[in-house]
Amino acid sequence: MRVFVTGGAGFIGSHTLVQLMRKGADVLSYDNYCNSSPEALSRVKRLAQSDLAIVEGDICDPGALERAMGDFKPDAVIHFAGLKAVGESAEKPLTYYKNNIAGSIALLEVMNKIGCSKIVFSSSATVYDPDKPFPFTEDTPLKAASTYGRTKHFIEDIIRDWSAATPGSSAAVLRYFNPVGAHASGDIGEDPVGIPNNLLPYISRVAQGSLKELQVFGDCYDTADGTGARDYIHVEDLAGAHLAALEYIAGAKGCETFNIGTGTATTVLAMIRAFEAATEQSVPYRITGPRAGDVSTTVANPSKAEQVLGWKAEHDIEAMCRSVWNWQVRNPNGYRTPE
Ligand code: NAD
Ligand code: UD1
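A brief report on the enclosed structure follows. (Residues numbered from 1 in each chain as written. Chains lettered and ligands numbered in written order. Predicted model: local features only at pLDDT ≥ 70, side-chain atom pairs only at ≥ 80, totals over all residues. Heavy atoms only, no water.)

### With respect to the packing of aromatic side chains
Then, number 1: Here the structure, examined in full by the defined rule, presents seven aromatic pairs.
Then, number 2: On the numbers, 6.2 Å between centres and 35° between planes, the contact of Tyr97 with Phe154 is tilted. Within this pair, whereas Tyr97 is found in helix 5 (residues 93-114), its partner Phe154 is found in helix 6 (residues 147-165), the two being separated by 57 residues in sequence.
Then, number 3: For Tyr97, a relative accessible area of 26% gives the class partly exposed.
Then, number 4: When the centroid spacing of 5.0 Å and the interplanar angle of 40° are considered together, the rings of Tyr128 and Phe136 count as tilted. With respect to class, Tyr128 is no different from Phe136; both count as buried.
Then, number 5: Taken together, the ring pairs connect Tyr128, Phe136 and Phe177 into an aromatic cluster.
Then, number 6: In this structure, Arg2 is placed above the aromatic ring of Phe72, and the distance from its NZ or CZ to the ring centre is 4.3 Å. (Phe/Tyr/Trp six-rings, centres within 6.5 Å; stacked < 30°, edge-to-face > 60°. Helix = DSSP H or I, 4+ residues; strand = E, 2+ residues; numbered from the N terminus. Buried < 20%, exposed > 50% of the residue type's maximum accessible area, 1.4 Å probe, protein only. Lys NZ or Arg CZ within 6 Å of the ring centre and 35° of its normal.)

### Observations concerning the pattern of salt bridges
Then, number 1: Overall, the coordinates contain 16 salt bridges when judged by the stated rule.
Then, number 2: Of the charged contacts in the structure, one is a salt bridge between Arg160 and Glu156, with a shortest N-O distance of 3.0 Å. Of this pair, Arg160 and Glu156 both sit in helix 6, four residues apart, which is roughly one turn of that helix.
Then, number 3: Of the residues examined, Arg160 reaches a relative accessible area of 27% and is grouped as partly exposed.
Then, number 4: The salt bridge partner of Asp187 is Arg330, with a shortest N-O separation of 2.9 Å. Here Asp187 is found in the loop between strand 7 (178-180) and helix 7 (199-208), whereas its partner Arg330 is found in helix 11 (residues 317-330), with 143 residues between them in sequence.
Then, number 5: Owing to a relative accessible area of 45%, Arg330 belongs among the partly exposed residues under this scheme.
Then, number 6: Here the residues in one salt-bridge network are Glu156, Asp157, Arg160 and Arg175, joined through shared partners. (Salt bridge = Lys/Arg side-chain N within 4 Å of Asp/Glu carboxyl O.)

### Quick notes on the site of ligand 1
Then, number 1: The environment of ligand 1 is formed by 26 residues, the closest being Asp31, Asn35, Ser36, Phe80 and Tyr148.
Then, number 2: In this structure, Asp31 approaches ligand 1 through a side-chain N or O atom, which is 2.6 Å from an oxygen atom.
Then, number 3: Asn99 has a polar side-chain atom sitting 2.7 Å from a nitrogen atom of ligand 1.
Then, number 4: In isolation ligand 1 exposes 810 Å². Once the protein is present, 95% of that is buried.
Then, number 5: The set of elements that each furnish at least two residues to the shell around ligand 1 consists of helix 1 (11-22), strand 5 (118-124) and helix 6.
Then, number 6: Among the elements that take part in the shell around ligand 1, strand 5 stands out by supplying three residues, more than any other.
Then, number 7: Its residues assigned to classes, the shell around ligand 1 shows eleven nonpolar, eleven polar and four charged. (Near = heavy atom within 4 Å. Polar contact = N/O pair within 3.5 Å; in protein donor to acceptor, adjacent residues only side chain to side chain. Areas by Shrake-Rupley, 256 points an atom, 1.4 Å probe, with all protein chains shown as cover. Nonpolar A, V, L, I, M, F, W, Y, C, P; charged D, E, K, R; others polar.)

### Looking at the site of ligand 2
Then, number 1: Around ligand 2 sit 18 residues in total, of which Thr126, Gln215, Arg230, Arg291 and Asp294 are the nearest.
Then, number 2: Arg230 is positioned with one of its side-chain polar atoms (N or O) 2.5 Å from an oxygen atom of ligand 2.
Then, number 3: With respect to ligand 2, the side chain of Asp294 contributes an N or O atom lying 2.5 Å from an oxygen atom.
Then, number 4: The protein chains hide 85% of the 740 Å² of surface that ligand 2 would expose on its own.
Then, number 5: Elements with a minimum of two residues in the shell around ligand 2: strand 7 and strand 8 (214-217).
Then, number 6: In terms of residue count, the dominant contributor to the shell around ligand 2 is strand 8 (four residues).
Then, number 7: Class assignment for the residues of the shell around ligand 2 results in eight nonpolar, seven polar and three charged.

### Here we look at helix 3 (residues 62-72)
Then, number 1: Every buried residue of helix 3 is accounted for by Ala64, Leu65, Ala68, Met69 and Phe72. Down the axis of helix 3, the sector holding all buried residues measures 115°, keeping them to one side. Seen from the open side of helix 3, the exposed residues pointing more than 90 degrees away from its buried face are Arg67 and Asp71.
Then, number 2: Lining the buried residues of helix 3 we find strand 1 (2-6), strand 2 (26-31), strand 3 (53-56), strand 4 (76-79) and helix 5. (Arc of directions from axis to C-beta. Contact = heavy atoms within 4.5 Å.)

Given below as structure tokens:
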């Protein structure tokens, strides 16, 4: 199978590339490196022990996309490329709408031109209305609370409409919950620029000593210990969901949506304890007020993915913490660490 991967050098893209290449797929990574490093792709090649086609390009550049896709002639596309910082999306809404939505439209148009009609799309649990009861099923009403979340909601609708109008097309929209973790080798992982916003990257910087303490954003939520609870999913499981989705769309028609999570919620304090136990590092923390825009709990009902895709998450929280720490220790400066 020939798979065109937008955003292949990113956190989730790089882990998915390794699994695809190990399965013998012919893969092209199309990325402009606005939030990643080409170094990730060198490591992907080494880990997969196989070669990979690489094109540096922007999804908002239809000419470059058409040249890359026209030459490669993919059977399917996995569309990871997008901007993903919730806070930044409030400050730069037009940048987010242009990059994520206009870029996705350009991608679908080029797919039409070259006759490729199968796509797996990276959506997010942030599309759900956080006030609805959890666990969220794919039918839980949507109401994104951020500009970033709205870009995902709009792209989902665009893909559904495109699929309805495109005979023979098939699309899988994957709504990821909270992706964390790193490849077991410690060679690829999440490499946020500057101070991390997300919990596990922040915890591992505190354990490393480069940040003083974790601020726990609120202990007044209706959860087991009062701190926010999330459905964390290991990036290796998440990568596997893309392989299952590719297999599914190869034989399906229309557009289907899947929650990609574990079905288990972990609180902030439980995550700190799990990290300390898994790594034997201490994580100093201080409870502060809630972070603006945060919700108490998000957790998936992932049973549709299991029934339809035959996919289920396997890694537990301890494995997630261990792999993040392994990546952190081996790469204290992320991909800027000399090997
Ligand atoms: P990431 O930033 O590590 O990877 C995204 C990749 O897309 C980067 O390599 C970036 O350089 C590239 N990119 C961005 N805009 C581009 C453009 N215009 N043209 C070409 N390349 C471009 O993010 P990630 O965590 O790997 O996330 C991948 C996808 O999954 C994103 O669409 C993100 O919104 C979605 N998602 C991520 C999370 C998460 O917590 N990581 C959760 C839900 C959904
Ligand atoms: C955030 C994004 C969401 C995105 C997700 C990706 C916001 C409002 N939402 O969600 O759109 O899909 O990341 O994984 O940014 N926490 C602390 N201290 C910290 C960091 C986090 O206590 O320094 C807590 C949070 O309050 C939350 C939990 O840890 O309860 C997880 O936070 P985070 O990793 O940022 O994920 P989300 O809030 O789910």
